[in-house]
Amino acid sequence: MILAPDGFLYGTTNDNGANGFGTVFRVRPDGSAFSTLYAFSGSDGAWPNAGVILAPDGFLYGTTEGDGASDYGTVYRVRPDGSAFSTFHAFSSSDGARPTAGVILAPDGFLYGTTLGGGVANSGTVYRVRPDGSAFSTVHAFNGSDGSHPHAGVILAPDGFLYGTTLAGGASGNGTVYRVRPDGSAFSTLHAFSFGDGYHPVARVILAPDGFLYGTTFNGGASEYGTVYRVRPDGSAFSTLHAFSFGDG
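Each value, and the rule that gives it
Residues numbered from 1 in each chain as written. Predicted model: local features only at pLDDT ≥ 70, side-chain atom pairs only at ≥ 80, totals over all residues. Heavy atoms only, no water. Helix = DSSP H or I, 4+ residues; strand = E, 2+ residues; numbered from the N terminus. Rg over C-alpha atoms; globule rule 2.2 N^0.38 Å. Buried < 20%, exposed > 50% of the residue type's maximum accessible area, 1.4 Å probe, protein only. Areas by Shrake-Rupley, 256 points an atom, 1.4 Å probe, with all protein chains shown as cover. Pairing = 2+ DSSP bridges. Lys, Arg positive; Asp, Glu negative; His and termini not counted. Salt bridge = Lys/Arg side-chain N within 4 Å of Asp/Glu carboxyl O. Polar contact = N/O pair within 3.5 Å; in protein donor to acceptor, adjacent residues only side chain to side chain. Contact = heavy atoms within 4.5 Å.

Trainee: What exactly am I supposed to notice about the overall build of the chain here?
Mentor: Scanning the chain from N- to C-terminus turns up zero helices and 20 strands. Taking 2.2 N^0.38 as the reference for a compact globule, 249 residues should give roughly 18 Å; the C-alpha atoms of the chain span a radius of gyration of 18 Å, in line with that estimate. Counting only C-alpha atoms, the chain reaches 50 × 40 × 30 Å along its principal axes. Classification of the 249 residues of the chain by burial places 50% in the buried group. Accessible surface for the chain amounts to roughly 10100 Å². Of this, 53% is attributable to carbon and sulfur atoms.

This is the structure we're talking about:
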């Protein structure tokens, strides 16, 4: 969830609601004044797996993993009072499919996000679109060797690069950490996981004040229960900080 200046928490549910396809909701931090702002109906999107962001224009922006005009998911916006809902991009597979992650709003005025599948190799994409739905473009389409199926979204770092992870693909097929410029140039795989150092990074990375990117893997590591890792933005100094052992998570 996010906490907005109006004092409400805003979030999504992946399923159910009035039409069975998920909802956008808000609630006060003390649990009062809960309301469903929007209930998806399928044609306008279904299964919002990710949360929302609140943009300076006063709209909440998010994604749905499925349905929409071509059944491949959507990008939508809605006001915090539930009014003015619109689906302003429906994925068609060729431009991406099944966005499991949400979007970020960059200083250039574009929303950036990822899709789990679709694109030229059906391995997922990084995309951008303006908040009014115009100027949609695929920033990068994964091909497997450079990563595949980005489950998590991206962050925009001060160096001007977008950073993210892919669930699979890369040199060993176990997922990657990557970076790319917002215009699609200078793509590089910073780290390809190799089972022993973790695999299947389903979450996004964060950039810490020490200059390292930090993240987690769902599986792999010494006991095969996932890891916490860090790597520099240029791909150097990768290390596994902790390997989970079931007893500790």
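From this point, the narrative continues.
Trainee: So what exactly am I meant to see when it comes to the sheet that holds strand 5 (residues 53–54) here?
Mentor: Two pairing modes exist for strands in a sheet, parallel and antiparallel, and in both the strands are linked by backbone hydrogen bonds. Ordered in space as 5-6-7-8, the four strands form an open sheet in which the pairing is antiparallel. The strands lining the two open edges of the sheet, one partner per strand, are strand 5 and strand 8 (86–90). In the sheet, strand 6 (residues 60–64) pairs with strand 7 (residues 74–78) via five bridges, with the strands oriented antiparallel. The residue of strand 7 that forms the bridge with T64 is T74.

Trainee: I would appreciate a short explanation of the pairing of strand 14 (residues 162–166) in the present structure.
Mentor: In the case of a regular strand, side chains alternate between the two sheet surfaces. Of all five residues that make up strand 14, five are buried, and the element is covered over most of its length. Here strand 14 shows a buried face lined by L162, G164 and T166 and a second buried face lined by Y163 and T165. Two strands pair when backbone bridges link them, and strand 13 (residues 155–156) and strand 14 are joined in this way by two bridges, in the antiparallel orientation. By the bridge assignment for strand 14, L156 is matched with L162.

Trainee: Help me understand the side chain of R128 in this model?
Mentor: Its location among the elements puts R128 in strand 11 (residues 125–129). Buried within the structure, R128 lacks any salt-bridge partner; its nearest side chain of opposite charge belongs to D108, at an N-O separation of 4.0 Å. Reaching out from R128, the side chain makes a polar contact with the side chain of Y112 at a distance of 3.1 Å. Within the structure, R128 has its side chain in polar contact with the backbone oxygen of P182 (distance 3.4 Å). Not counting chain neighbours up to four residues away, the residues in contact with R128 comprise D108, F110, L111, Y112, A135, F136, S137, V139, P182 and D183.

So yeah, pure geometry; function would need other evidence.
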